[in-house]
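Architecture and fold: a report
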Amino acid sequence: MFITFEGPDGSGKSTVIKKVYEKLINDGYPIILTREPGGTPIAEKIRNVILDNDNTALDARTEALLYAASRRQHLVEKIRPALKEGKIVLCDRFLDSSLAYQGGGRHLGIENVLNVNLFATENTYPDLTLFFNISPEEGLKRVSADKKRIADRLDNENENFHHDVYNAFLKVVNDNKNRIVVIDATKSIDEVVDSAYKIIKDKLNGLR
Ligand code: TYD
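Residues numbered from 1 in each chain as written. Predicted model: local features only at pLDDT ≥ 70, side-chain atom pairs only at ≥ 80, totals over all residues. Heavy atoms only, no water.

**A look at the site of the ligand**
Taken together, the neighbourhood of the ligand is formed by 17 residues, with Lys13, Tyr67, Arg93, Ser98 and Gln102 sitting nearest. Contact between the ligand and Asp9: an oxygen atom at 3.0 Å from a side-chain N or O atom of the residue. At 2.9 Å, a side-chain N or O of Tyr67 approaches an oxygen atom of the ligand. Protein coverage of the free-state accessible area of the ligand, which is 550 Å², stands at 92%. Residue contributions to the shell around the ligand peak at four residues, all from helix α4 (residues 95–105). (Near = heavy atom within 4 Å. Polar contact = N/O pair within 3.5 Å; in protein donor to acceptor, adjacent residues only side chain to side chain. Areas by Shrake-Rupley, 256 points an atom, 1.4 Å probe, with all protein chains shown as cover. Helix = DSSP H or I, 4+ residues; strand = E, 2+ residues; numbered from the N terminus.)

Shown next, in the form of structure tokens:
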């Protein structure tokens, strides 16, 4: 079972995914928690290039290809082997982030970015994706209120960028209703964790 968590910056999904992971570990499931971009040493190196605030000259297509390259490495080295061992893989961001950020935010087109990614992943789609829904305004408010968070190259993009990302996310959600479930991320952390946990349990129990 391959499960991904998606959403705009500041949606809280990274906090939620850790809590859900701990709950599922407590239930005794074999499970790993990983994230994108990154997840393996080579993929983390690619991540550093992508998110480095000094890389102002990074071209949009280069950026899309680097995310896809990092994803490829992560899939081959970590995700696939874990799935083969029968583990549940929880992944913080995957394909849909590229469709939203590079397809929408960078205006490369969702379809173009999808094609690059299908090449990279040999058509790997998650079995279940949770989309943590929060408007870009609310999300960015949370990001700037979080003093511990160091803004990366994408966090630092302007409001229009984050709007385009959000709208592309909504389109991707709408086009993939079979695998994407929307969660209201404006609720309290505990409520959001409970909803995410319940949806995953239902999926694991064959109820969805
Ligand atoms: P990260 O610090 O992991 O963000 P968050 O904690 O919000 O998930 O940084 C990842 C950034 O990279 C984030 O702004 C989203 C962006 N991103 C893309 O643009 N395309 C992608 O394919 C992925 C995986 C992430």
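**Concerning the packing of aromatic side chains**
One pass over the structure, following the stated rule, counts five aromatic pairs. Ring plane angle 45° and centroid distance 5.1 Å describe the contact between Phe131 and Phe169, whose orientation is recorded as tilted. In this pair, Phe131 is assigned in strand β4 (residues 128–133) and Phe169 in helix α7 (residues 159–175), connecting sequence segments 38 residues apart. The exposure class of Phe131 is buried, given its relative accessible area of 2%. Put simply, the rings of Tyr101, Phe131, Phe161 and Phe169 pair up and form one aromatic cluster. Just above the ring of Tyr197 sits the side chain of Lys23; from NZ or CZ to the centre is 4.8 Å. (Phe/Tyr/Trp six-rings, centres within 6.5 Å; stacked < 30°, edge-to-face > 60°. Buried < 20%, exposed > 50% of the residue type's maximum accessible area, 1.4 Å probe, protein only. Lys NZ or Arg CZ within 6 Å of the ring centre and 35° of its normal.)

**Some details on the packing of helix α3 (residues 60–84) against α4**
Relative placement of two packed helices is described by the angle separating their axes and the distance separating the axes. Here α3 crosses α4 at 175°, and the two axes come no closer than 11 Å. Here α4 runs roughly antiparallel to α3, going by the angle between their axes. Within the contact between the two elements, α3 uses Glu63, Ala64, Tyr67 and Arg71 and α4 uses Leu95, Ser98 and Gln102. In terms of residue class, the contact of α3 with α4 is built from three nonpolar, two polar and two charged. (Axes fitted to C-alpha atoms, helices over the stretch in contact; angles between N-to-C directions. Parallel < 35°, antiparallel > 145°, perpendicular 65-115°, else oblique. Contact = heavy atoms within 4.5 Å. Nonpolar A, V, L, I, M, F, W, Y, C, P; charged D, E, K, R; others polar.)

**Let's talk about the pairing of β4**
Counting buried positions along β4 gives five out of six residues, so the element sits mostly inside the fold. Pairing geometry for strand β1 (residues 2–6) and β4, over four bridges, is parallel. Following the sheet pairing, Glu6 is matched in β4 by Phe131. The sheet contact formed by β4 and strand β5 (residues 180–184) spans five bridges and is parallel. Pairing of Thr129 across the sheet is with Ile180, part of β5. (Pairing = 2+ DSSP bridges.)

**So, the nonpolar core**
In this structure, Tyr101 and Leu154 are the most contacted members of the largest nonpolar core, which totals 31 residues. Top element by residues in this core is α7. It accounts for seven residues. Beyond its immediate stretch of four places on either side in the chain, Tyr101 contacts Gly7, Pro8, Asp9, Arg93, Arg106, Leu154, Phe161, Val165 and Phe169. Listed in part, the 22 residues of the second largest apolar core include Ile183, Ala185, Val192 and Val193. (Core = buried A, V, L, I, M, F, W, Y, C linked by side-chain atoms within 4.5 Å.)

**Side note on unusual backbone geometry**
Cis rather than trans, the peptide bond between Glu36 and Pro37 has omega equal to -10°. The residue Pro37 is located in the loop between β2 (31–35) and α2 (41–51) in this model. The phi angle at His107 is positive, at roughly 60°, despite the residue not being glycine. For His107, the position within the fold is in the loop between α4 and α5 (110–121). Residue His107 is classed as exposed on the basis of its relative accessible area, which comes to 60%. The phi dihedral of Asn123 falls on the positive side, at around 65°, and the residue is not glycine. Within the fold, Asn123 resides in the loop between α5 and β4.

**Notes on the sheet that holds β5**
If you walk across this open sheet you meet the five strands as β2-β3-β1-β4-β5, and the pairing is parallel. Here the strands that pair on one side only, and so sit at the sheet edges, are β2 and β5. Strand after strand, the sheet turns through a mean of 20° between neighbouring axes, direction not considered. Pairing of β2 with strand β3 (residues 88–92) involves five bridges; the strand directions are parallel. Its bridge partner being in β3, Ile31 is matched across the sheet by Ile88. Each of β1, β2 and β3 touches α3; the most contacted strand, β2, lies at about 160° to it. Against the sheet, α7 engages β1, β4 and β5, with an angle of about 140° to β4.

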